Amino acid sequence: MSSTCQHNLYICHCTPSSNDPSPIHPNSSRGTRYSLASLGASSSSNGVITSCSTIAPLYLTSAAVTTMTSPSLRNHYQREKSTSLSSLSPDRNVLAHDVGYNTIPRVIVNANGHVRMTSNLGASSIILSGTGEQIRFSPSVSEKYIKYQKFWPVADSSNTDGTSRGCLERIVFVLLTMVLVIIFLVAALVFLYLGSNGTDSYSIVFSGDPTGQSEVVSDASNKNGFGRVQEETNSAGGFSIKTENYGIDVVRVRNHEGKPLPGETSPNSKRVCISQECSKISRNILQNINPEKDPCASFYNFACGGWMTKNQPPPRRMAHSVMSQARDHVDVSLRDLIEQIIPESSDTVDSKLRTFYDSCMDVDSIRSKGSVPALDFLHQKFGKFIVNHDISLNKAVWKQAEGHGSETNRRYLTELVLNLLKVNGTPLLDISLDLAPRNSSSYISVVRVPQRSGLLPRLVRSRKEMALFNRWMRKRKKRNSRMRRSARSARADFAALPLEHKVVQRQEIFKSFQNALNAQRTNSLIKTAEAMGLLDQSSEDAKQSEIAEILGFLTALEKVIPTEKELKKSLLKNAIYNEYTVRELEISFKFINWKMLLSGLFPHDPSSHDLVIVHDPTYIRKIGRIISLFDPRVIWKSLLTLYSKDVLSDIITVHHGQARWQYCTQVTSMVFGEALSRLFLQSVAADKEREILLKEIQSLFDLIRSHVLNAINGTSWLHSHMKELAMMKISKLEGQFVGSEMYLNETFLHSRYDKLDMSSDYFSNVIGMFKHFRKNIYNFLQEPVDRETYTWNLISFPFTVNAFHLQQLNSIVIPLGLLQESHFTRNVPQYLNLASLGLTMAHEILHALDNTGRDFNSGGSLHHWWDPKAQRAFQNISKCFIEQYEQHFRRPIKIDARSILLEVDGKFTLNENICDVDGIRVVSNALLSLPFSPEDLIYLPNNPYSPQQLFFIKAAQSYCSHLGPVSYVLYLELDEHSPNPERVDGFLMNSPLFSQVFQCQVGSRMNPQNKCSIWS
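Residues numbered from 1 in each chain as written. Predicted model: local features only at pLDDT ≥ 70, side-chain atom pairs only at ≥ 80, totals over all residues. Heavy atoms only, no water.

**Q** Give a description of the pattern of salt bridges that names residues and reports values.
**A** Evaluated as defined, the whole model comprises 29 salt bridges. With its nearest N and O atoms 2.5 Å apart, the salt bridge here joins aspartate 761 to lysine 369. In this pair, aspartate 761 sits in the loop between α25 (746–753) and α26 (762–779) while lysine 369 sits in helix α8 (residues 363–369), placing the two residues 392 residues apart along the sequence. Residue classification places aspartate 761 among the buried residues on the basis of a relative accessible area of 18%. With a shortest N-O distance of 3.0 Å, aspartate 646 and arginine 521 are connected by a salt bridge. In this pair, aspartate 646 sits in helix α20 (residues 632–652) while arginine 521 sits in helix α14 (residues 506–531), placing the two residues 125 residues apart along the sequence. For the pair formed by aspartate 646 and arginine 521, the shared burial category is buried. (Salt bridge = Lys/Arg side-chain N within 4 Å of Asp/Glu carboxyl O. Helix = DSSP H or I, 4+ residues; strand = E, 2+ residues; numbered from the N terminus. Buried < 20%, exposed > 50% of the residue type's maximum accessible area, 1.4 Å probe, protein only.)

So this is what it looks like as structure tokens:
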């Protein structure tokens, strides 16, 4: 293509030659000339755009989109400029191309005032209004400054014969433009405000940080992590633009004519964040919502509807959530860190870590060995307790035990339990340690109920159990097919169900499923006992007799083991801190030699006066009675059968209902937690970045804690002395954030793993880690309590995706693993982190004053410091929560042909509900305390929701999840939290600010007349 073009500094308009094959504009005839400005909003002339060499950006509005998307013009433009055009959209103002500024992020504000950013697609441009006013951002390393350059509107030429301007005219035009620009800049220095009559096009060029990564500017007034305003205010066309730095890149747009900005109702100005992080989080928020849902009917469905559509649960996962996504992300990061280790050239600790992981991933080797490693280990370690009539093994031991001598049986049972505990076996009871409840500066040994887990504890641990449940479901569906055809949808309102439609309690379904699971477990236990050579093979009768005896003992044991829900209820009531001296243990529970057991586990022999915590004395007493009813042989084989099934089989099983790499990563993170923590901390943040991150988290924590104190001080039901004690406890509450620097100490790591040997054999590696782990735990008993070591060794690792309240340390823990986009993002408006991480912090802090935490004083010691009057008042107010959650969250769901009535247990979930409801109130008050008026918070780009609305949307989206019918039943029965849909709707329906922001009518589901609160 050849053409003659006339140029000015910013605009070029050209005349194509007669042999130009390009279809330039669908509505024009060949040879008709267009000027570039004519395609914008500031000119009405007509012409054709062809190839031009310009030294300035080409700006196009929506009228020019069809032209620039013409394939032939695009191809020619690419040949001439050796670059590609940006993707253009016909429904919005767009930026076409900018020579020389290809690495600058682009921000576009549509006519309605919404902002959109695109990286690496040309100069950053903001269209302030439909008149074509634009801002271009270009880079400067040294400072931020403002230039104003006024475009000269291009008038249509009357030259229609295909000729163009001469060179002299072009030079004059350039000179005139330059003079006008200089005049404009001089005038800007004299006047703070310049008016405009509106039809001219303006380009305001800001030189500054193009990446949105500018640092926070320290200032005496900077109390909340914000920087000071850097730029002066100027105006153009009735608008003024001011760059402001509050730790993020922000522009402020003001209408000086008193007219609302596009998308605004009352304010005539607003701040808009233009950082890349803001663009991303704005896009994610919009993708996660379902705008068709009514936020006043169910805010969870509104805020998480989009997330549920695009995030289906992975295969074989019964539940899926934002938190599980975060855990998956951490698993991927940990896997990558592990696989980057080169054993031959790495540190000794890292080499051992990689060797362990590789042995776990060696599926072919594990399968080829089968159960042989477990069988050999069991008989080598516990052979003296596996005495069959056809095996002449330790006959003397067996004959001695057969005499039913009480002390002999007691000693052999103690020896078996001791040896099992050393290799992570807890079929009868578990021995661990904890902080002493009345003196948190020392450790104390703890007798716990059995822990049914091998490496990774799960609710439904194997694919076989999932298959069992699916078969159970199919049988029920087949049996109830007639009812299923006549049943209504499970989503129908409870009141609309037909009278003949049976609605059953969820406990019935849970019990039915549990019975089916127990039956499957019984069958697998017998198979395990036979495979491990635990059964008497002398004859079929002897074998069946022994099976019957073992099942009898296991059934009796199963009946007295408390359920998970019963254990949690005891924990919530602080009923687990039952102190016994060793002497009292010997007297109360005679079936075990307690001195022998404890001295075999801990580095020092216990005295008769040493204290021990027994979590459930009733259970220990019951198993003593069961043991007295069975022969020692039956007891021993039963316990070994349980250990083989729950621990050994887990090691040699390849399929665990998840990808092998993820299983091996999780196992490695458990057994090499300290070593992997070092790699995780170093990879996620450098030393300086961690320091900055810690300061930001600490600043947020201080803000939240101050508002918790304000909430306590504002209560009317608590008298002044109790207020002082409660406020003193919260004032002394500390935060442990991100992780510990001790992981970066090479001496510490080598001391942890020096005596550990790893090989290519996975089974022996796991057994070695069991021994290593137990020994390390028991060695803590005689050491002084170090808060950091206890927190980051015994409670959490930096890669843990969760938050904790430690009542015995009066502290909360926020690991680095939780600080992902769902809970924390840097370089975004503070109210977003306040809504997610701030709510989590408020929730954990308030646990210090719930039914469980208030039994511990400010020093972390178990001390009932609430007087009876305060306790009665607390219980009376908390009834509101119990009644509200049980009445509002009661609905049927469909499982096979029956509708299962789902009810939130208001008493079981009370602590969590209180912390959720008052937590959102605390962070709402913190939101209102930010250094802006509520109408002046920072907006997100290209997002129609106000900052206050985004605050609540972000709070809700931290809990988005998929819960199927089965997950609901299990969740309600086993978890002390309300299910996420009920959890979100529950804490927001009790928020006055939420109802105000979303204008929910009083009496609607999300704005009930009676709202619950303890601390406000």
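**Q** I'd like a description of the sheet that holds strand β17 (residues 439–448), backed by residues and values.
**A** Ordered in space as β16-β17-β20-β19, the 4 strands form an open sheet in which the pairing is mixed. With partners counted over all chains shown, the strands left at the sheet margins are β16 (430–436) and β19 (578–581), one partner each. Neighbour to neighbour, the strand axes of the sheet diverge by 40° on average, direction disregarded. Bridge count for β19 against strand β20 (residues 611–614) is 4 bridges, and the pairing is antiparallel. By the bridge assignment, tyrosine 580 is partnered in β20 with valine 612. Contacts from helix α19 (residues 617–627) reach β17, β19 and β20, with the element oriented near 55° to β19. (Pairing = 2+ DSSP bridges. Axes fitted to C-alpha atoms, helices over the stretch in contact; angles between N-to-C directions. Contact = heavy atoms within 4.5 Å.)

**Q** Mind laying out the nonpolar core, listing which residues take part and the relevant values?
**A** Counting 227 residues, the largest nonpolar core has Phe299, Ile431 and Trp1015 as the members making the most contacts within it. Here this core gets 11 residues from one element, more than from any other, and that element is α20. (Core = buried A, V, L, I, M, F, W, Y, C linked by side-chain atoms within 4.5 Å.)

**Q** Report on helix α11 (residues 406–422), specifying residues and quantitative values.
**A** With 17 residues, α11 ought to run about 24 Å at 1.5 Å a step, and its terminal C-alpha atoms sit 25 Å apart, in line with that. Most of α11 sits inside the fold, with 13 of its 17 residues counted as buried. Asparagine 424 lies just past α11 and shows a positive phi near 65°. (Expected span 1.5 Å × (residues − 1).)

**Q** Give a detailed account of the confidence of the model for the chain, specifying residues and quantitative values.
**A** When the pLDDT values of the chain are averaged, the result is 75; 68% of them are 70 or greater. When the criterion is pLDDT under 50, residues 261–266 qualifies, and its contacts beyond four places in sequence or with other chains add up to 16 contacts. Long-range and interchain partners of residues 479–501, a stretch whose pLDDT sits below 50, account for 27 contacts in this model, where long-range means more than four residues apart. (pLDDT = per-residue confidence, 0-100.)

**Q** Quick one: what's the story with the pairing of β16, residue by residue and with numbers?
**A** By the criterion of burial, β16 is predominantly enclosed, with 7 of the 7 residues buried. In this structure, β16 lies alongside β17, joined through 7 bridges in antiparallel fashion. Bridge pairing in β17 places aspartate 430 opposite arginine 448. Hairpin connection between β16 and β17: a loop of 2 residues separates the two successive antiparallel strands.

**Q** Please set out the packing of aromatic side chains residue by residue, giving values where relevant.
**A** Summed over the entire model, instances satisfying the criterion amount to 33 aromatic pairs. Between the aromatic rings of tryptophan 865 and tryptophan 866, the centroid separation amounts to 5.7 Å while the plane-to-plane angle is 65°, which identifies the pairing as edge-to-face. Under the relative-accessibility criterion, tryptophan 865 is labelled buried at 11%. Since its relative accessible area comes to 5%, tryptophan 866 is described here as buried. An aromatic cluster of at least three residues, connected via ring pairs, comprises Phe299, Phe302, Tyr945, Phe951, Phe952, Phe994 and Phe998. (Phe/Tyr/Trp six-rings, centres within 6.5 Å; stacked < 30°, edge-to-face > 60°.)

**Q** For the environment of asparagine 288, give the residues involved together with the corresponding values.
**A** Positionally, asparagine 288 belongs in helix α4 (residues 276–288). The contact partners of asparagine 288, leaving out residues within four places of it in the chain, are Ala303, Cys304, Gly305, Gly306, Trp307, Lys310 and Gln957.

**Q** Talk me through the packing of helix α15 (residues 540–560) against α19; I want residue IDs and the actual numbers.
**A** For the pair α15 and α19, the least separation of the axes is 10 Å and the interaxial angle reads 165°. The angle between α15 and α19 places the two elements in the roughly antiparallel class. Considering only the axes of α15 and α19, their crossing is right-handed. Each of Phe553, Ala556, Leu557 and Val560 in α15 lies in contact with α19, whose residues at this interface are Tyr619, Lys622, Ile623, Ile626 and Ile627. When grouped by side-chain class, the residues that make up the contact of α15 with α19 number 8 nonpolar, no polar and 1 charged. (Parallel < 35°, antiparallel > 145°, perpendicular 65-115°, else oblique. Left-handed = near helix turned anticlockwise from the far one by under 90°. Nonpolar A, V, L, I, M, F, W, Y, C, P; charged D, E, K, R; others polar.)

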